[in-house]
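# Tertiary structure, described
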Amino acid sequence: MKSPPAMDPEAPPGTPPDDEQEEKRGGRKGVPWRMTLSLAYQSLGVVYGDLSTSPLYVYKAAFAEDIQHTESNEEILGVLSFVFWTLTLVPLLKYVCIVLRADDHGEGGTFALYSLLCRHARAALLPPGRAAAAAGDDDDLFDAGAGAKKAAPENGNAVTLGGRGGGAAASVRKLLEKHKVLQRVLLVLALVGTCMVIGDGVLTPAISVFSAVSGLELSMEKEHHKYVELPIACIILVCLFALQHYGTHRVGFIFAPIVITWLLCISMIGVYNIIHWEPTVYRALSPYYMYKFLKKTQRGGWMSLGGILLCVTGSEAMFADLGHFNQLSIQIAFTCMVYPALILAYMGQAAYLCRHHTMESDYRIGFYVSVPEKIRWPVLAIAILAAVVGSQAVITGTFSMIKQCTSLGCFPRVKIVHTSAKVHGQIYIPEINWILMILCLAVTIGFRDTKHLGNASGLAVITVMLVTTCLMSLVIVLCWHKSIFLAIGFIVFFGTIEALYFSAALIKFREGAWVPIVLAFIFMLIMCIWHYGTIKKYEFDVESKVSINWLLGLGPNLGIVRVRGIGLIHTELETGIPAIFSHFVTNLPAFHQVLIFMCIKNVPIPHVRPEERFLVGRIGPKEYRIYRCIVRYGYHDFHKDDMEFEKELVCSIAEFIRSGSSKLNGLSDDFDKDEEQRMSVVRTGSIRMLEEDGTVENTVGPSHVREIQSPSPSPMPPPAAAVGVKKRVRFVLPAASPKPNAGVQEELQELSDAREAGMAFILGHSHVKAKSGSSFLRRFVINFCYDFLRRNSRGPNYAVTIPHASTLEVGMMYYV
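Here's what I pulled together on the structure shown here. None of these values were measured; they are calculated from a predicted model. (Residues numbered from 1 in each chain as written. Predicted model: local features only at pLDDT ≥ 70, side-chain atom pairs only at ≥ 80, totals over all residues. Heavy atoms only, no water.)

### As for the nonpolar core
Tyr48, Leu87, Phe334, Tyr346 and Met472 are the most contacted members of the largest nonpolar core, which has 165 residues in total. Excluding anything up to four places from it in sequence, Tyr346 contacts Ser54, Pro55, Val58, Tyr59, Leu80, Val83, Leu87 and Cys311. Ranked by size, the runner-up nonpolar core spans 32 residues in total, among them Val631, Ile687, Leu733 and Ala754. (Core = buried A, V, L, I, M, F, W, Y, C linked by side-chain atoms within 4.5 Å. Buried < 20%, exposed > 50% of the residue type's maximum accessible area, 1.4 Å probe, protein only. Contact = heavy atoms within 4.5 Å.)

Here you go:
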């Protein structure tokens, strides 16, 4: 991969310090305590809703059919012991203490781990441009502003791979880089984890809401409640997904009081049951009861682990939703509020069940039998609201996962709406939201049973956890540079626990566990097809891009003429001349007197300062008037209207010419290699552009401004004369600036002439086809599947954010 563009060596005035930049992107440093506590409060309503509502169905699922309860309490205490240690080891120890530290620029989830690993080893099977973007090649904007003297410590592969970490890290890195099979396994792991998170986003709302509504069994006759449960659950699910467009911030503030009320409620009920029914239930906290449970129940006890597993449903959301908050806020909320409340709730349920062996149907009903009858209706209402909140965690986690996949080129482009100006990860994706709602309703109506929904949800949850464990073991070695024995210990310890639960969940394949597998297969098929097509299209772009030498050599052969105006060529390539332009110029041998190759780049920070927005360089000798401009936008930047954008773009080129940033303008044989080093950040604002009617005299007070207006002949073929020019363009320089030399005046004059003639926008429209002689499978994937996804997804960024007042679309067939 090429090294990042060279930055202007002088930091812009007012560049914020590192901590402030870290705060802007929601990092751990520099966040005030007030904001951290506010985020912890919001996280209760977004991250922990799912984990907090698991007491609704854990005991019911554990005692479903796999184990038979007796007069003794060994089974009940054994289940409680499993629940306690599972909650302690997985959410608390694994996620809160370890996994949350492995964020990628504040983002969490399996794809964040994959992106982090790809920054420390050349193991990415992604287009280099996208991998660089994911790897943080704009860390200069994060840490010290564009143009800072000191580059970020981990600035993409070009820097990170430079000998950091020896011993085990170097050996593992070489192994990954050498074997393509291992790289594919790494990508497949990330895709499987992501697809299972999406599947969990379908299943968790269904089981949470349906379990809460099932409390009507205690208050209504059986023949009545079975006709009421399903419609009520479906209505609640529709309302839940309809609320998502308000954003995580608003939803979190609305939902957080509900979760807090629910946690306090189950805590107090738990304490009451412990004191009133079985004060000695604390004995189950000893791991010895797990051994007694498995020894007595044997195969039935092992199969019941699929139900016990549901106690950690939602734990992955702590990591997946990390981009919506920050590490410290999630840790505070879990350790101070969620964990103690859940332990008390499960102990209380176990204490009640220890004294009620003879109530056969009560095991089927689960949580609500342990609630005192006088407060059962209020608790039912709170439980339904909490179940709605519980669904929020996986929905927001799904949004985060889809965004990461899209940025890495592994998912079709979708509309991403950022709902917060302060926290990067708070997003809403309309298309995914409604797809999840439809699938969730279909699963709810299809199963109508918490047992099958629990089996399906359990398999999805434990699969994601296993993937996270595998990727984290690599992060420990490659990214944290710890001992390989520590990584092995991590994967053996947590992997053994999760493998035990995974086997218990997988054995129930025919009883509902097939659903997440089917959902994951469908989403993974979409991702693989899109990834494959994207890779092939990018390889075609790279192989087909042409050098400036080729372009300049066309003049005498094809009779290239230069016409008045500015030609703006949109491209996704940051280097080289795209094939779409060579296709255009060989079929229509004429282009504008000023050419600008422009690439729109979205960077993962809230705002890019106007003075840091444009990265400008020159292509070829300066007399050819061909420029490259990379325009950088933050995720919360507003795109200006057509005229304002055009003015800023032209002024950035003018400032580049005036500032002397283009002194290296000789043409060399390896120009493409040196091209990026010539680019520099252009701080707009020094030069103003005035556009006036042609009748207005070109005079401004000399004490305030200096104007460029002396024309000079161009070394290129002269452009044809324009007829009926209605406006006149002037560049106004600051009074303190030195007088530009004749060459700069000449170049600025030609730019102003081109601006007067107007600007044309040249867009590429590519059709991807498989090469002749390709296999049937390749032709089916490229010609049908990938083409279908491309036509039904969002277009490239520049197609929706760049003005189209005068657009020329150039079609080209890509044979891959």
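### What to know about unusual backbone geometry
Note: most residues except glycine have negative phi, and most peptide bonds are trans. In the Ramachandran plot, Gln298 falls in the positive-phi region, its phi being about 55° despite a non-glycine side chain. Note on placement: Gln298 falls in the loop between helix 14 (288–297) and helix 15 (299–308). Residue Gln298 is classed as exposed on the basis of its relative accessible area, which comes to 56%. (Helix = DSSP H or I, 4+ residues; strand = E, 2+ residues; numbered from the N terminus.)

### Remarks on the pattern of salt bridges
Within this structure, the stated rule accounts for 12 salt bridges. For Lys296, the salt bridge identified is with Glu74, shortest N-O distance 3.7 Å. Here Lys296, found in helix 14, pairs with Glu74, found in helix 5 (residues 74–96); they are 222 residues apart in sequence, far enough to count as distant. With a relative accessible area of 40%, Lys296 lands in the partly exposed category. Judged by its relative accessible area of 28%, Glu74 is partly exposed. Note that Lys296 and Glu75 form a salt bridge whose closest N and O atoms lie 3.4 Å from each other. Of this pair, Lys296 sits in helix 14 while Glu75 is found in helix 5, placing the two residues 221 residues apart along the sequence. Classification of Glu75 as buried rests on a relative accessible area of 4%. Residues joined in a network through salt bridges with shared partners are Glu74, Glu75, Lys292 and Lys296. (Salt bridge = Lys/Arg side-chain N within 4 Å of Asp/Glu carboxyl O.)

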